[in-house]
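# Report on the structure
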Amino acid sequence: MNIIVRQARIIDPASSFHQQKADILIENGFVTEIGEVPLSADKEINVDGLCISPGWLDVFAHFCDPGFEYRETLETGTAAAASGGYTDVMLLPNTAPVVHNKSGVEYLVQRSKSLTVNLHPIGAVTKNAEGKELSEMYDMHASGAVAFSDGLNSIQPAGIVLKALQYIKAIDKTLIQLPDSKSISANGLMNEGIVATQMGLPGNASIAEELMVSRDIELVKYTGSKLHITGVSTARSVALIAAAKQSGIAVTCSVTPQHLFFIDADVEGYDTNLKLTPPLRTEADREALREGVRNGIIDCIASHHQPWDADHKIVEFENAAFGVTSLQTAFAAVATCMPELSIDKLVELFSAAPRKIFGLPQPKLAIGERAAFTLFLPEHKWQLSKHYSRSGNTPFIGKHFSAKPLGIINGHGLFLNEQ
């Protein structure tokens, strides 16, 4: 299929057309002309205010396949991702079976070939993601795993993290850790504080996250390996990571759109779609996260897309599962709650920075390059009305957004958001 994108503003600092408006002709999955294109094509995209950038990458999403297809399939997950502007998604290993060997990685790599979005498996650090015994990381790396993590299961034993960091250093990969000390936060349902006390819910203390962040930074310093801390949620965690970076330690981090948009006071209505790990923190924490995004201490955005069926969410708050669907709204949420971010900064957060961290190729808007582009409207008011994910557990229904992802062009594939 041949595609022409008409008069789109190009947002790509690596391109000679950066910040210019131009027509872009894509033939058989490759850019063949940029400028004024008088030709017609199978598909023409002409939308006022349209921007185009290198494709966005999400670094922490759960597609539930294999094993939990009633919550999400690879097809519905990629549709949600494409509608949110993502050409690439890194998938969590917390499936059934867990992706802890090369066959699990190869399943996802092969399935990705027929989908519009590129899927990048994250291999489990430990067998069954149980935090007890190291998995076959070298074999998974050879089969296509782009990073290693126990995903939603934060690795508790320091010795296991130490061994994993030493192991992956030899293959130049990154360990992803969701920081949460279970011995402190085991029963917490939301942020420990005034709101939790008023609601009568057990709290998850900030120190449960901060101790894990501090410990893992020390382990990276000792091993000389690379660590990515995802789901940073407290001001102290941001400060610890900033100090580590200042010392030259190879630590990067990401924040979720939910933690930039909401705070613990928003949970007062017992909305189970705001029951998250890590929990939503205070307004002061949120401001520290936003400042971390502005000053570059926080490297990128991670959706933490976690679909759940109604039986796990439309229940009492105490019994509800943790997590939300968020790929479809990630860009819109960040652009809306942080309007001070420039378009260039948004593209860096969603495309350039995560690709650099995990060593994935960076698409370029230039003639001869393979198409892997995101289409978006930086100034467009809208509300979420359609779920592309198989699950609808989102806190963003009814929220007003000021920017919108329009879709993606990825090789021969085209996906445009219908809402």
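Please refer to the structure placed before this passage.
First things first, this report covers the structure right here in the doc. Note that this is a predicted model, so its numbers are computed, not measured.

### Quick look at the overall build of the protein
When helices and strands are tallied, the protein shows 13 helices and 20 strands. For 419 residues, the compact-globule estimate of 2.2 N^0.38 gives 22 Å, and the protein sits close to it at 21 Å. Along the first, second and third principal axes, the C-alpha atoms of the protein reach 65 × 45 × 45 Å. Counting across all 419 residues of the protein, residues that qualify as buried make up 60%. Long-range contacts, defined here as pairs at least 24 residues apart, represent 76% of the contacts in the protein between residues at least 6 apart. Looking at the protein as shown, the accessible area adds up to about 15800 Å², and 50% of this sits on carbon and sulfur atoms.

### A look at the packing of aromatic side chains
Counted by the stated rule, this structure contains 15 aromatic pairs. Judged by centre distance (5.4 Å) and plane angle (50 degrees), the ring pair of Trp-56 and Phe-376 falls under tilted. With a gap of 320 residues between them, Trp-56 in strand E6 (residues 56-61) and Phe-376 in strand E16 (residues 372-377) connect regions that are remote in the sequence. The exposure class of Trp-56 is buried, given its relative accessible area of 1%. On the numbers, 6.3 Å between centres and 80 degrees between planes, the contact of Tyr-270 with Phe-317 is edge-to-face. On the criterion of sequence distance, the pair formed by Tyr-270 in the loop between helix H9 (257-261) and helix H10 (283-295) and Phe-317 in the loop between helix H11 (310-313) and helix H12 (330-337) is long-range, its members being 47 residues apart.

### A word on the packing of helix H4 (residues 158-169) against helix H7 (residues 206-223)
At their nearest, the axes of H4 and H7 sit 10 Å apart, and the two run at 40 degrees to each other. Classified by the angle their axes make, H4 and H7 are oblique. Note that H4 runs across H7; the crossing there is right-handed. Where H4 approaches H7, its residues Ala-158, Val-161, Leu-162, Leu-165, Gln-166 and Lys-169 are matched on the opposing element by Arg-215, Asp-216, Leu-219, Val-220, Tyr-222 and Thr-223. Each residue belonging to the contact of H4 with H7 can be placed in one class, and the counts come to 7 nonpolar, 2 polar and 3 charged.

### Describing the nonpolar core
By size, the foremost hydrophobic cluster in this structure holds 91 residues, and its most contacted members are Phe-63, Val-89, Ile-217, Ile-229, Ile-241, Leu-260 and Phe-350. Per-element accounting of this core gives the leading share, 7 residues, to H12. With residues up to four places along the chain from it excluded, the contact list for Leu-260 reads Val-255, Arg-286, Leu-289, Arg-290, Val-293, Ile-301, Val-334, Cys-337 and Met-338. Val-5, Ile-10, Leu-365 and Ile-409 belong to the second largest nonpolar core, which has 19 residues in total.

### Some points on the pairing of strand E20 (residues 413-416)
In E20, alternate side chains face the same way, and those of Gly-413 and Phe-415 are buried while those of Leu-414 and Leu-416 on the opposite face are not. Pairing of strand E19 (residues 404-410) with E20 involves 4 bridges; the strand directions are antiparallel. Of the residues in E20, the one forming a bridge with Ile-408 is Phe-415. Between E19 and E20, which follow one another and run antiparallel, lie 2 residues, and Gly-411 among them has a positive phi close to 65 degrees.

### Regarding the pattern of salt bridges
For the structure on display, the rule yields 15 salt bridges. A salt bridge links Glu-340 to Arg-294; the nearest nitrogen and oxygen atoms lie 2.5 Å apart. One end of the pair, Glu-340, is in the loop between H12 and helix H13 (343-358); the other, Arg-294, is in helix H10, with 46 residues separating them in the sequence. On the basis of relative accessible area, Arg-294 is assigned to the partly exposed category, the value being 31%. Look at the salt bridges and you will find they share partners, linking Glu-287, Glu-291, Arg-294 and Glu-340 into a network.

### Overview of unusual backbone geometry
Here the residue pair Asp-65 and Pro-66 is connected by a cis peptide bond, since its omega of 15 degrees sits within 30 degrees of zero. Position of Pro-66 among the secondary structure elements: in the loop between E6 and helix H1 (74-83). Cis peptide bonds are those with omega within 30 degrees of zero, and the linkage from Thr-277 to Pro-278 qualifies with -5 degrees. Unusually for a residue other than glycine, Asn-128 sits at a positive phi of about 60 degrees. Within the secondary structure, Asn-128 sits in the loop between strand E8 (118-123) and helix H3 (137-143).

What counts as what
Residues numbered from 1 in each chain as written. Predicted model: local features only at pLDDT ≥ 70, side-chain atom pairs only at ≥ 80, totals over all residues. Heavy atoms only, no water. Helix = DSSP H or I, 4+ residues; strand = E, 2+ residues; numbered from the N terminus. Rg over C-alpha atoms; globule rule 2.2 N^0.38 Å. Buried < 20%, exposed > 50% of the residue type's maximum accessible area, 1.4 Å probe, protein only. Contact = heavy atoms within 4.5 Å. Areas by Shrake-Rupley, 256 points an atom, 1.4 Å probe, with all protein chains shown as cover. Phe/Tyr/Trp six-rings, centres within 6.5 Å; stacked < 30°, edge-to-face > 60°. Axes fitted to C-alpha atoms, helices over the stretch in contact; angles between N-to-C directions. Parallel < 35°, antiparallel > 145°, perpendicular 65-115°, else oblique. Left-handed = near helix turned anticlockwise from the far one by under 90°. Nonpolar A, V, L, I, M, F, W, Y, C, P; charged D, E, K, R; others polar. Core = buried A, V, L, I, M, F, W, Y, C linked by side-chain atoms within 4.5 Å. Pairing = 2+ DSSP bridges. Salt bridge = Lys/Arg side-chain N within 4 Å of Asp/Glu carboxyl O.

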